[in-house]
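A structural walkthrough
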Amino acid sequence: MTKIVPVFLAGGSGTRLWPLSRDQYPKQFLKLLGDKTLLQDTALRAQGLDGVEPPIALCGDKHRFIVAEQLLEIGLGGATIILEPEGRNTAPAAAVAAHFVAEKYGADALLLLMPADQVIRDVVRFKDAVRAATKVAADGKIVTFGIVPTRPEIGFGYMQAGNSLEGGAFVIDRFVEKPNAETAQAYINAGAYFWNGGMFMFKASSFLEEMKEFEPATFDASAESVTRSRRDLDFVRLDPDSFRRTRAESIDYAVMEKTRKAAMIPLDAGWDDVGSWQFLEHLTKDSAGNVCRGDVLLESASNNLVHAESRLVTLAGVDNHIVIETQDAVLVTTRDRVQDVKKIVAQLGALKRTEAQEHPRVYRPWGSYETIALGERFQVKRIIVKPGCKLSLQMHHHRAEHWIVVKGTAQVTCGEKVFLLGEDQSTYIPLGEKHRLENPGTSSLELIEVQSGSYLGEDDIVRFEDVYGRVST
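Source: prediction; values computed, not measured.

**Brief notes about the overall build of the protein chain**
- Looking only at helices and strands, the protein chain has 10 helices and 30 strands in total.
- At 25 Å, the protein chain has a C-alpha radius of gyration in line with the 23 Å of a compact globule built from 473 residues.
- Counting the 473 residues in the protein chain, one finds 52% classified as buried.
- When contacts within the protein chain are restricted to residue pairs at least 6 apart in sequence, long-range pairs at least 24 apart make up 68% of them.
- Carbon together with sulfur atoms contributes 49% to the accessible area of the protein chain, which is approximately 21,100 Å² in total.
- Positive and negative charge centroids in the protein chain, built from 55 and 64 side chains respectively, lie 2 Å apart.

See below:
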């Protein structure tokens, strides 16, 4: 039986979905349509295929624990998570994955390469397309999935289908960049054009042969980055010096537009790349065409998209607007200017504003924390520690801390003392004292932390012991 290895590309920042999507917690980790994140939906739709092996996820170092936790939540704790030293586009990532798969499963194993930030509503049709692609890829073709277009979209690239091949595939006559509105409509009318969805299926050896011919430097550097990789906890860290010698290029430019092995399988399965807030128009609308999530009240308002996360949001006499509210930021724009959101994120980055990087809730391998209140010389946080997890043994030069347990049981190390705290109990951590917080229980630990001192930044941490490899001394 042919082995199929799902590979998820879980990098990227998703700036066009700000303020929900942030650099530290981009859109692939968000629950936008239901009780699963985009990454989890991507992983689950590949399960159940004949010959499917445990998946591989590629991501950056800062997202590694989020990826691991989300895959564990859906029963895919056996996934391999490969850490890219930096983002180098899809061709180097695919080459790394192909080298890894060839070494572990053999050169004839198939990779099903999927971005982790897309939506596919009809999983049955998706699997049918994958099964068709399996036969074509097993014969040596590099298969891409052509999305059957539903509108004259100017934000996607297109592919023109040529002659038919065996197995329901087509030759790709040409790749087309994002068109203007008139050209996009002409493509729809012609009927032979498909959206370029960025999903691929290929035999490890087939892809590597083409990379060696068309991108020999990237072929060599990606191979070396895998050979010289090292294990770090449950992760595979690529060799940074080797990986940085790869050329930052997409699969389309590096291989697909040059190879004679390219083929396309049509896919009509409710695909969307979640490229802007207009994506949420697919949700249920009220009688006036509004899409609302959260605590929202409308009066004489139509065709709006409103997302409220932490408070009541009201609109009166407003049409064709998008309003996204989070605890620390609010976005208001019109439907025709929604693509300008990324310009706002660029401004935030230039100003070094934390709203571009972090959510109010910050995720860590042991759990999460969020700032409740912040003022001169004080900060109040809500901290959640997962069962069996613990923070590093650490100290602070500039702040003291008060911990109040509101749920669960805490094991506290403070200097030479180790003791337990139950609900409604508290303790004080003096400035400069070594300390550690652990959750010895089987349910989540929740506490309120009150910090006081001259400096309250997250970089005022000296770690002495850490199970996550973050020791700083």
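**Considerations on the packing of helix α3 (residues 90-105) against helix α7 (residues 216-227)**
- One way to put it is that α3 packs onto α7 with a least axis distance of 9 Å and a crossing angle of 55 degrees. Judged by the angle between their axes, α3 and α7 are oblique. In the crossing of α3 with α7, the sense of the turn from one axis to the other is right-handed. From α3, Pro 92, Ala 95, Val 96, His 99, Phe 100 and Glu 103 reach across to α7, where they touch Thr 218, Phe 219, Ser 222, Ala 223, Ser 225 and Val 226.
- Taken together, the residues of the contact of α3 with α7 sort by class into 7 nonpolar, 4 polar and 1 charged.

**Regarding the domain arrangement of the protein chain**
- Partitioning the protein chain into structural domains gives domain 1 (4-272), domain 2 (277-351) and domain 3 (361-465).
- Placing a centre on the C-alpha atoms of domain 1 and another on those of domain 2 gives a separation of 30 Å.
- Between domain 1 and domain 2, the contact holds 13 residues from the first and 19 residues from the second.
- Surface buried jointly by domain 1 and domain 2 totals about 1,500 Å² across both partners, of which 68% is contributed by carbon and sulfur atoms.
- Three residues, Arg 16, Trp 18 and Leu 20, lead the burial of domain 1 against domain 2; their summed loss comes to 41% of the area buried on that side.
- Put simply, domain 1 and domain 2 have 1 salt bridge between them.
- Residue Arg 22 is joined to Asp 328 by a salt bridge in which the shortest nitrogen-to-oxygen separation is 2.8 Å.
- Counting every contact that joins domain 1 to domain 2 gives 5 residue pairs in polar contact (both at pLDDT 80 or more).

Conventions used here
Residues numbered from 1 in each chain as written. Predicted model: local features only at pLDDT ≥ 70, side-chain atom pairs only at ≥ 80, totals over all residues. Heavy atoms only, no water. Helix = DSSP H or I, 4+ residues; strand = E, 2+ residues; numbered from the N terminus. Rg over C-alpha atoms; globule rule 2.2 N^0.38 Å. Buried < 20%, exposed > 50% of the residue type's maximum accessible area, 1.4 Å probe, protein only. Contact = heavy atoms within 4.5 Å. Areas by Shrake-Rupley, 256 points an atom, 1.4 Å probe, with all protein chains shown as cover. Lys, Arg positive; Asp, Glu negative; His and termini not counted. Charge placed at Lys NZ, Arg CZ, Asp CG, Glu CD. Axes fitted to C-alpha atoms, helices over the stretch in contact; angles between N-to-C directions. Parallel < 35°, antiparallel > 145°, perpendicular 65-115°, else oblique. Left-handed = near helix turned anticlockwise from the far one by under 90°. Nonpolar A, V, L, I, M, F, W, Y, C, P; charged D, E, K, R; others polar. Domains from an automatic or database assignment. Buried area = accessible area lost by both parts, 1.4 Å probe. Salt bridge = Lys/Arg side-chain N within 4 Å of Asp/Glu carboxyl O. Polar contact = N/O pair within 3.5 Å; in protein donor to acceptor, adjacent residues only side chain to side chain.

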